[in-house]
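Residue-level structure breakdown
This is what each chain is made of:
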Amino acid sequence: MSLRINDIAPDFTAETTQGPIRFHEWIGDGWAVLFSHPKDFTPVCTTELGAVAGLEKQFAARGAKVIGLSVDPVSSHSKWTSDIEEVGGHPVTYPLIGDTELKVAKLYDMLQADAGDASDGRTPAQNAPVRTVFVIGPDKRIKLTVAYPMTTGRNFDEIIRVLDSIQLTAKHRVATPANWRQGDDVIITGAVSNEEADKIFPGYKTVKPYLRTTAQPQ
C-alpha cells in the first residue's frame, strides 16, 4: 500500500556511512529529510548529494537532519563521497544508508515486493523509482513526499521552502499561498472565524470571502 501524507514513516534498522541506525531513534525529537538514489556513481545523483551537503547547515537551522539512501553497499557510498565533494565543493557529513537487500526501498514503496532481494547486478533504470524525498516530522509522520524522474535533478531549495511552510503552519493557524517564501504574506485558514481573525491577525485583508491574507506571524 502506498505511503501517504500523515502516515507513520516506517521504522527500520540499517547500516550507514556513519554506522548502524534505527531510523526513528535517529530522527529523535526533530525533523528528518530522507532522499533516495537509484545507484552510486550516477551523474544526477552526484550533483544532488553535493547540493544537500552545501545546504546541510540550513536544514540543521530548521531542526532537520538529512539522510541519503542508495541501494548500493556502504563501502561503495564511502568511495562515492570523494567524487561528490570534488564535484559539489562540500564534504558529505550526513549519513548514507546502504540498502543492498532493497529492504528500505520496498518498505517505502519505491520498489515492488518482487524486485528481488539484492542490489548487485541491478541497473539504475531498474531502480528508477528510488528517486523520492520524504520529509518526516518529530511525530514520525510523513509531511511531504515527492518523486522525481531520473533525468531531473531535485530542487532542494524547494524542500527547504516546503519545510519552512510546514513548520510555520504547524505553529500558527495559517496556510501558505502558491510560491510563498519566508516573509511573504500568508493565508488565514478557514477554521478561523472573522471575529477570531480580528483578534489574532488585526489588519488582515479580505481578498475573497474565503481568502483572507495577513503578514507572516513570527
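Here, every reference points to the structure presented above.
Small disclaimer: the values here were computed from a predicted structure and weren't measured.

**What to know about the overall build of the chain**
For the chain, the helix and strand inventory stands at six helices and 11 strands. Counting all 218 residues of the chain, 45% fall into the buried class. Taking all contacts inside the chain whose residues are at least 6 apart in sequence as the whole, residues at least 24 apart take part in 62%. Here the chain has roughly 11,100 Å² of accessible surface; of this, 51% comes from carbon and sulfur atoms. Across the chain, 23 positive and 27 negative side-chain charges occur, with their mean positions spaced 6 Å apart.

**Overview of the sheet that holds strand S11 (residues 211–214)**
As summarised here, the arrangement of the four strands in space is S8-S9-S11-S10, forming an open sheet in which the pairing is antiparallel. Looking at strand neighbours, the two that pair on one side only are strand S8 (174–175) and strand S10 (205–208), the edges of this open sheet. Bridge count for strand S9 (residues 186–188) against S11 is two bridges, and the pairing is antiparallel. Considered in S11, the bridge of valine 186 is made with threonine 214.

**Re the side chain of threonine 46**
The topology assignment puts threonine 46 in helix H2 (residues 43–61). Given a relative accessible area of 10%, threonine 46 falls into the buried group. Look past the residues within four positions of threonine 46 in its chain and what remains in contact with it is Trp80, Asp83, Ile84 and Val87.

**Some remarks on the pairing of strand S1 (residues 13–16)**
The alternating pattern of S1 places Ala14 and Thr16 on a buried face and Thr13 and Glu15 on a face that is not buried. In terms of strand pairing, S1 meets strand S2 (residues 21–22) through two bridges, oriented antiparallel. Following the sheet pairing, threonine 13 is matched in S2 by arginine 22. Adjacent in sequence and paired antiparallel, S1 and S2 are bridged by four residues, among which glycine 19 carries a positive phi angle near 100°. Summarising the sheet, S1 and strand S5 (residues 96–98) pair through two bridges and their orientation is antiparallel.

**Quick look at the packing of aromatic side chains**
Under the defined criterion, the tally for this structure stands at seven aromatic pairs. Aromatic side chains phenylalanine 35 and tyrosine 94 sit 5.9 Å apart centroid to centroid with 55° between the ring planes, which places their arrangement in the tilted category. With phenylalanine 35 in strand S3 (residues 31–37) and tyrosine 94 in the loop between helix H3 (74–88) and S5, this residue pair connects regions lying 59 residues apart in the sequence. Tyrosine 94 gets classed as buried once you look at its relative accessible area, which sits at 1%. Where tyrosine 108 meets phenylalanine 134, the ring centres are 5.0 Å apart and the plane angle is 70°; that geometry is what we call edge-to-face. Taken as a pair, tyrosine 108 in the loop between helix H4 (103–107) and strand S6 (132–136) and phenylalanine 134 in strand S6 lie far apart in primary sequence, 26 residues in all. Each of the two residues, tyrosine 108 as well as phenylalanine 134, counts as buried. Put simply, the rings of Phe12, Phe23, Trp26, Tyr108 and Phe134 pair up and form one aromatic cluster.

**With respect to the pattern of salt bridges**
In total, this model carries nine salt bridges according to the counting rule given. Between arginine 22 and aspartate 11 there is a salt bridge, with its nearest N and O atoms 3.6 Å apart. Placement of the pair is arginine 22 in strand S2 and aspartate 11 in the segment before S1, with a sequence separation of 11 residues. Here aspartate 11 falls in the partly exposed class, since its relative accessible area comes to 29%. Its salt-bridge partner being arginine 62, residue aspartate 164 comes within 2.5 Å of it at the nearest N-O pair. Here the residue aspartate 164 occupies a position in helix H5 (residues 156–171), and arginine 62 occupies one in the loop between H2 and strand S4 (64–70), the gap between them amounting to 102 residues. One network of salt bridges, with partners in common, ties together Glu48, Arg131 and Arg154.

Cut-offs and rules
Residues numbered from 1 in each chain as written. Predicted model: local features only at pLDDT ≥ 70, side-chain atom pairs only at ≥ 80, totals over all residues. Heavy atoms only, no water. Helix = DSSP H or I, 4+ residues; strand = E, 2+ residues; numbered from the N terminus. Buried < 20%, exposed > 50% of the residue type's maximum accessible area, 1.4 Å probe, protein only. Contact = heavy atoms within 4.5 Å. Areas by Shrake-Rupley, 256 points an atom, 1.4 Å probe, with all protein chains shown as cover. Lys, Arg positive; Asp, Glu negative; His and termini not counted. Charge placed at Lys NZ, Arg CZ, Asp CG, Glu CD. Pairing = 2+ DSSP bridges. Phe/Tyr/Trp six-rings, centres within 6.5 Å; stacked < 30°, edge-to-face > 60°. Salt bridge = Lys/Arg side-chain N within 4 Å of Asp/Glu carboxyl O.

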